[in-house]
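Per-entry structural report
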Amino acid sequence: MKYLLMYILPVFLCLASCAESKDLTVNSPDGSIHLQVGEENGRIYYTVNKQKQQVLDKSFLGFELQSGRLDQNLKIKDIKHSKFHETWDQVWGEEITVDNTYNQLSVDVEESDGLKRQFSIVFRIFNDGIGFRYVFPEQENLKDFVIMDELTEFALKEEATAWSIPTNHTQYFENLYKPSALSEIDTVCTPLTMKTKSGLYLAIHEANLTDYAGLNLTSVNHTTRLKADLTPWSTGEKAFMKTPCATPWRTMIIADKPGDLILSRLMLNLNEPCKIEDVSWIKPGRYIGIWWGMHMEKYTWGQGAKHGATTQNTMRYIDFAAEHHFSGVLVEGWNYGWDGDWVKNGYNFSFTKPFPDFDIKKITEYAKQKGVNLIGHHETGGWTKNYESQLDSAFALYQRYGVNTVKTGYVNPLLDGKERHSSQYGVRHYRKVIETAAKYNIMIDNHEPAMPTGIQRTWPNLMTQEGLRGQEYDAWSRDGGNPPEHTTIIPFTRGLAGPMDFTPGTFNFDNPVYPETHVQTTLAKQLALFVVIYSPLQMASDMIENYENNPAFGFITSCPVNWSKTVVPDAEIGEYVTIARKGRDSENWFVGSITNAQGRNLNLSLNFLDKDVKYKAVIFRDGDSADYKKNPYEVEIEEKQVTSETILDLRLASGGGTAIRIEKL
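Given the structure is predicted, the values throughout are model-derived calculations rather than measurements.

Moving on, we come to the packing of helix α5 (residues 311-323) against helix α6 (residues 360-370). Packing of α5 against α6 brings their axes to within 10 Å, and their N-to-C directions diverge by 10°. The orientation of α5 with respect to α6, classified from their angle, is roughly parallel. Residues T311, T314, M315, I318, D319 and A322 of α5 touch α6, and the partners they reach there are K362, I363, Y366, A367 and K370. Class assignment of the residues belonging to the contact of α5 with α6 gives a composition of six nonpolar, two polar and three charged.

Set out below in structure tokens:
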């Protein structure tokens, strides 16, 4: 018996180990999400369930390389299971501490014959969704290679309503998100947000887009099976790779209600930790700018009688910023290159030579005395090679004058006249700018970007980005401006990719240039957008004279841009959204509630407040006769004492909103 046991025990342990090693399933830490990997006729697939409901049917994986397909004749060579848990603190963000807990399944794959090329698929399952990426190890038969197509699929089990913007008919991601049946979409940008027939909310995007092409999605034969469609180079290739290497993470948030989409930190968790050792110089802030006046044609970007970026005008804005506790003043049109057709001739931009009427030394010294920072502006016209040749000298100039924030721009459908912004070419350029800026202690606000993918965790000097149809469309868009539902959709679509430089805060809706185009909100909704739309660099968009002597301006000047906690009490995509945030530097809470063109009454429970504590709520609401078309300016300001047991009745006018400051007594 003794010898028999010595023989049986190792066999038993081996069988148990082998059984575990062949376990091609992985669950979320709370057990609610279940992912399974399989092989069918030499093809690798995965499926996803939420509880007992199937979310994704068999979704196949692989690539088409320039040297041949890499999605067939495959076998699973090995698998590894692991778990991970940590909490980490954001340099800035919608809350301080982020929980990063997941279960991981790594699947090693190899061709059955031929070159026997290898890659791994690493799956991470969180309580709120999944992420996976391809990893290519160094190997003899796969060194330098070219990806012609990524064959990743998301095969939804059932029809869904999808909010999307078309990839091939949108510049700079600046389009209106429209709802449609998922099976009816063409090729669309991510994040792609969906509500399934069963009531689940899903969002597909990517994380850690590094030296790769941006992700788009296309419907396969007008079904609910989606396939990756990478942004190509002008020559047709999708990505040039060299082993060892990895793709970005493909992500899917799986939520029971729309507010949970906003609260997911899955994308951030799939990025690398911060690479900047000293982050003390990275400071969120609220700013104003010499900008809206150009759209209203009161000022010009180029030189002349109406030039906006003059020493005198900038100092006037600095005085206003100091008086109202704004941290910065953005000035556009300060440098040579604006005169003429700069979209075609943007390679003439100089980023170190100011116009003669812009004394940068005098301005920055004056700003320092006032406790205000000048925010620099680098419009490139999309000519990245010209910009890269001046990057170090341009950032060194700003560093010398104490300018620690730069807004970059790429207004040109093609970079350097040929490459798309979200191509590997564009992704490489944007990363170079971010990393170079970090060397000079400069924060970046990037306009006309590649779609954000959470890189701000690794490089927190990347503060905010555009990549959406912002408030500037309310100045000159020939369709009349952003419709009221636009801002009730973007927190659940573009907002899932990261901070949005939407630039709310326009107070004067009259437009002398395009009278039919104007802000399509009430004034109270403009206030609420400072809470609803997140950005650690938040601009009050209007000319400063339009803020003078307006009591509503007091909400903007008191509203933080950096938060310790965020909750979403109530929301329905495209209809309304209410968000509450607690300031990082105080015990005060701020609430923004907005609606589409339909006026409505909402009940807001304040159960997110500390229990057994009294607060004062200062409520900026639509007046009784307010309406975004007929009477947009009427705002009522009232105060009341509240506690965590209070339920507030919010009346939102058509196209309206409510903004609330809640101060602990």
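Between its first and last C-alpha atoms helix α8 (residues 424-439) spans 23 Å; for 16 residues at 1.5 Å apiece the expected length is 22 Å, and the two agree. Most of α8 sits out of view: twelve of its 16 residues are buried. Every buried residue belonging to α8 is among Q424, Y425, G426, V427, H429, Y430, R431, V433, I434, T436, A437 and A438, and all of these are buried. As for α8, its buried residues are in contact with β20 (239-242), α7 (384-400), β26 (405-409), β27 (443-446) and β28 (462-465). Looking one or two residues beyond α8, the residue adopting positive phi is N441, at roughly 55°.

The subject of this paragraph is the environment of D510. Relative to the helices and strands, D510 resides in the loop between α10 (486-489) and α11 (523-532). C-alpha of D510 to C-alpha of H486: the two residues are 24 residues apart in sequence and 20 Å apart in space. Beyond its immediate chain neighbours, meaning those up to four positions away, D510 contacts M296 and Y633.

Quick look at the UniProt feature "domain: Glycosyl-hydrolase 97 C-terminal oligomerisation" (unreviewed entry) in the protein chain now. Annotation from UniProt places "domain: Glycosyl-hydrolase 97 C-terminal oligomerisation" (unreviewed entry) at residues 562-662. Spanning residues 562-662, this segment combines 0% helix with 58% strand, and its end C-alpha atoms are found 16 Å apart.

Turning to unusual backbone geometry, a few remarks are in order. With omega at 5°, the peptide bond leading from T190 into P191 counts as cis. Position of P191 among the secondary structure elements: in the loop between β15 (187-189) and β16 (192-196). Going from T243 to P244, the amide bond is cis rather than trans, its omega being 0°. When you line up the elements, P244 lands in the loop between β20 and β21 (245-246). Its identity as a non-glycine residue notwithstanding, E448 has a phi of 50°, on the positive side. Examined against the element boundaries, E448 turns out to sit in the loop between β27 and β28. Accessibility expressed as a relative area gives 7% for E448, which makes it buried. For T503, which is not a glycine, the phi torsion comes out positive at approximately 60°.

Our next topic: the sheet that holds strand β25 (residues 373-379). Ordered in space as β28-β27-β26-β25-β24-β23-β29, the seven strands form an open sheet in which the pairing is parallel. Each of the sheet's edge strands pairs with one partner strand only, and the pair in question is β28 and β29 (537-539). This sheet shows a mean twist of 30° between the axes of neighbouring strands, independent of strand direction. With three bridges connecting them, β27 and β28 associate as parallel partners. Bridging from a neighbouring strand, N446 pairs with Q465 of β28. Of the strands in this sheet, β23 (285-290), β24 (328-331) and β25 touch α5, which is tilted by about 150° from β23.

Cut-off values and rules
Residues numbered from 1 in each chain as written. Predicted model: local features only at pLDDT ≥ 70, side-chain atom pairs only at ≥ 80, totals over all residues. Heavy atoms only, no water. Axes fitted to C-alpha atoms, helices over the stretch in contact; angles between N-to-C directions. Helix = DSSP H or I, 4+ residues; strand = E, 2+ residues; numbered from the N terminus. Parallel < 35°, antiparallel > 145°, perpendicular 65-115°, else oblique. Contact = heavy atoms within 4.5 Å. Nonpolar A, V, L, I, M, F, W, Y, C, P; charged D, E, K, R; others polar. Expected span 1.5 Å × (residues − 1). Buried < 20%, exposed > 50% of the residue type's maximum accessible area, 1.4 Å probe, protein only. UniProt positions renumbered as here; feature names shortened; annotations may be inferred. Pairing = 2+ DSSP bridges.

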